[in-house]
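Okay, here's what each chain looks like letter by letter:
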Amino acid sequence: MTVHRTRQLGDPILRTRCQTVSNPKSPAVRIVADDLRDTLRDWQERSGAGHGIAAPQIGAPIRLVLAIEDAKRRVLVNPEIVDVGDEDFLVWDECLSSPELMVRVQRAHRVRVKYEDLKGQSHTMEAEGPLAALLQHEIDHMDGVLPVDRACGLDPFCLREEWNRHWGREGRYGRPQPREAPRAAPVL
């Protein structure tokens, strides 16, 4: 069992664009996947939170994510969002790399993700709501994007204790809303 220190906001590795995994069946990839599992399990035992973790968060700049949905653990190698639905929702995002900070972001309510498993087999999965938000969050880590980069609205940052006090009863997830079409640039 290897529990790693979770890299924190400001660590340059969190801004790294991760390398594609060329051989998902390699022992090195399995070791990183096991370390993600052990590190997330330790985090959950200590904090009671955490549903996903990305390899750069333990110092491994490769495209590998561990996501937990309904107690089912899923390792995604080279995950990629291939489609999004037509609705977005506001999410108070939390991150193991900034555990005391809640950030309001806008995410797609539905996504389709293509990935490989540790046997090298390709999969596609559909996700919506909290799982869709989690997958978008973890896949952002593959490209060095953090929740603070996606902050939206007025006053999008809140310390966890204050969020619990003022916003916690409303929950982390807003209602899905139709995505607004991008505005065309004015013609001059």
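Look up: the structure comes first, before these words.
Residues numbered from 1 in each chain as written. Predicted model: local features only at pLDDT ≥ 70, side-chain atom pairs only at ≥ 80, totals over all residues. Heavy atoms only, no water.

Caption draft 1: The arrangement of the sheet that holds strand β8 (residues 157-159) in detail. Taken together, the four strands give an open sheet; going across it, the order is β8-β5-β4-β9, and neighbouring strands pair in antiparallel fashion. The open sheet has two free edges, formed respectively by β8 and β9 (177-178), since each of these has just one partner strand. Where strand β5 (residues 98-108) lies against β8, three bridges are found, and the strand directions are antiparallel. Pairing of Met102 across the sheet is with Cys158, part of β8. Together, β4 (87-95) and β5 form the strand contacts of helix α2 (residues 130-142), whose direction differs from that of β4 by roughly 60°. (Pairing = 2+ DSSP bridges. Helix = DSSP H or I, 4+ residues; strand = E, 2+ residues; numbered from the N terminus. Contact = heavy atoms within 4.5 Å. Axes fitted to C-alpha atoms, helices over the stretch in contact; angles between N-to-C directions.)

Caption draft 2: Geometry of the side chain of Gln136. By secondary structure assignment, the location of Gln136 is in helix α2. In this structure the side chain of Gln136 is engaged in a polar contact, spanning 2.8 Å, whose partner is the backbone oxygen of Ala108. Here Gln136 is in contact with Ile81, Arg107, Ala108 and Val111, once residues within four sequence places are set aside. (Polar contact = N/O pair within 3.5 Å; in protein donor to acceptor, adjacent residues only side chain to side chain.)

Caption draft 3: Representation of unusual backbone geometry. For Asp70, which is not a glycine, the phi torsion comes out positive at approximately 50°. Structurally, Asp70 is set in the loop between β2 (64-69) and β3 (72-84). Judged by its relative accessible area of 74%, Asp70 falls in the exposed class. The phi dihedral of Asp155 falls on the positive side, at around 55°, and the residue is not glycine. In this structure, Asp155 sits in the loop between α2 and β8. (Buried < 20%, exposed > 50% of the residue type's maximum accessible area, 1.4 Å probe, protein only.)

Caption draft 4: Geometry of the pairing of β5. Across the eleven residues that make up β5, a large majority, eight, are buried. Counted along the chain from β4 to the antiparallel partner β5, the turn is two residues long.

Caption draft 5: Spotlight on the nonpolar core. Core analysis: the biggest nonpolar cluster contains 19 residues, and Val32, Leu36, Ile53, Ile62, Leu64 and Val75 have the highest contact counts within it. Residue assignment for this core shows that the elements contributing at least two residues are α1 (27-47), β2 and β3. With six residues, α1 is the largest single contributor of residues to this core. Other than its neighbours up to four places away in sequence, Ile62 contacts Cys18, Gln19, Val21, Val32, Ala55, Pro56 and Met142. Membership of the second largest hydrophobic core comes to 16 residues, among which are Ala67, Val113, Tyr115 and Ala127. (Core = buried A, V, L, I, M, F, W, Y, C linked by side-chain atoms within 4.5 Å.)

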